[in-house]
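# Topology and contacts: notes
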Amino acid sequence: MTQEDGDLDGLVRKRIRALRVAQGWSLDELATRAKLSPSSLSRIENGQRRLALDQLVTLARALDTSLDQLVETDTDDVIVSPMLDGAHGTMRWPIKAEPGMTVMRQRMTTPPPDNPASLRAHSGREWLVVLSGTAVLLLGNRRFRVETNQAAEFPTMLPHAIGTAGGPCEILGIFDREARRGHNADKHAAGKA
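To start, this report covers the structure provided alongside it. Quantities reported herein were computed from a predicted structural model and do not represent experimental measurements.

### Describing the overall build of the protein
Assigned secondary structure in the protein consists of six helices and nine strands. Per-residue burial over the protein gives 31% buried out of 193 residues. Put simply, 62% of the contacts in the protein that link residues at least 6 apart link residues at least 24 apart. Working note: accessible area of the protein is about 12000 Å², and carbon and sulfur atoms make up 52% of it.

### Some remarks on the pairing of strand β2 (residues 90-94)
Two faces belong to every sheet, and in a regular strand the side chains alternate between them. Where strand β1 (residues 83-85) and β2 come together, three bridges link them in antiparallel fashion. Residue pairing across strands places D85 opposite T90, the latter belonging to β2. Where β1 hands over to β2, the hairpin turn is made up of four residues, of which G89 adopts a positive phi near 65 degrees. In this structure, β2 lies alongside strand β3 (residues 102-108), joined through five bridges in antiparallel fashion. Within β3, the residue paired with T90 across the bridge is Q106.

### Remarks on the environment of R142
Within the fold, R142 resides in strand β6 (residues 142-146). Residue classification places R142 among the exposed residues on the basis of a relative accessible area of 52%. In this structure the C-alpha to C-alpha distance between R142 and H160, which are 18 residues apart in sequence, comes to 9.3 Å.

### What about the nonpolar core?
Membership of the largest hydrophobic core comes to 16 residues, with the highest contact counts inside it found for I16, L30 and L59. The greatest single-element share of this core, amounting to four residues, is contributed by helix α4 (residues 53-62). If we skip the residues at most four places from it in the chain, I16 touches L30, L41, I44, E45, L56, L59, L63 and L70.

### Quick word on unusual backbone geometry
For K35, which is not glycine, the phi torsion reads 60 degrees and is therefore positive. In this fold, K35 is placed in the loop between α2 (27-34) and α3 (38-45). Judged by its relative accessible area of 75%, K35 falls in the exposed class. Of note, the phi angle at N149 is positive, near 75 degrees, even though the residue is not glycine. Along the chain, N149 falls in the loop between β6 and β7 (151-155).

Criteria and cut-off values
Residues numbered from 1 in each chain as written. Predicted model: local features only at pLDDT ≥ 70, side-chain atom pairs only at ≥ 80, totals over all residues. Heavy atoms only, no water. Helix = DSSP H or I, 4+ residues; strand = E, 2+ residues; numbered from the N terminus. Buried < 20%, exposed > 50% of the residue type's maximum accessible area, 1.4 Å probe, protein only. Contact = heavy atoms within 4.5 Å. Areas by Shrake-Rupley, 256 points an atom, 1.4 Å probe, with all protein chains shown as cover. Pairing = 2+ DSSP bridges. Core = buried A, V, L, I, M, F, W, Y, C linked by side-chain atoms within 4.5 Å.

This is the structure in structure tokens:
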């Protein structure tokens, strides 16, 4: 075993214990969930028992995490710089732990469209929070005012659009892969019109 392997071994053991404690579970509770004896779990956490892959998979499941997250060592990319889209006034950040998820910050200066035909629907979900100003969210045939520090979450299969209410606003949104694709398709279509 190399020094690096030993560091990973110790890190995984600390994570197992930290996740158990964060859930408020005793050794007995996690052992029951993972179908291990409490003494085996104690020896795993304390480094007195070898870590076996099948036990790590079971422990990850019991702790409601993934094996990848349990053994992840890459902490070099902690800081992520935004991708800038000056034409649309947006900044985007990918979420490394959730491939396909994107965080986007956008300054809006125009109200939502008046024409219901301008509303777009696509697969996915969106979550957004208004950082400043007031946004207007059109969702199907409903109209919502979203004030500073209020958030909205909705399935994007509902026809929707967002804009401002009486002045600029800034939003921060989280888009899953399908919602991001739908918005990218909308931008490309608008650019061709």
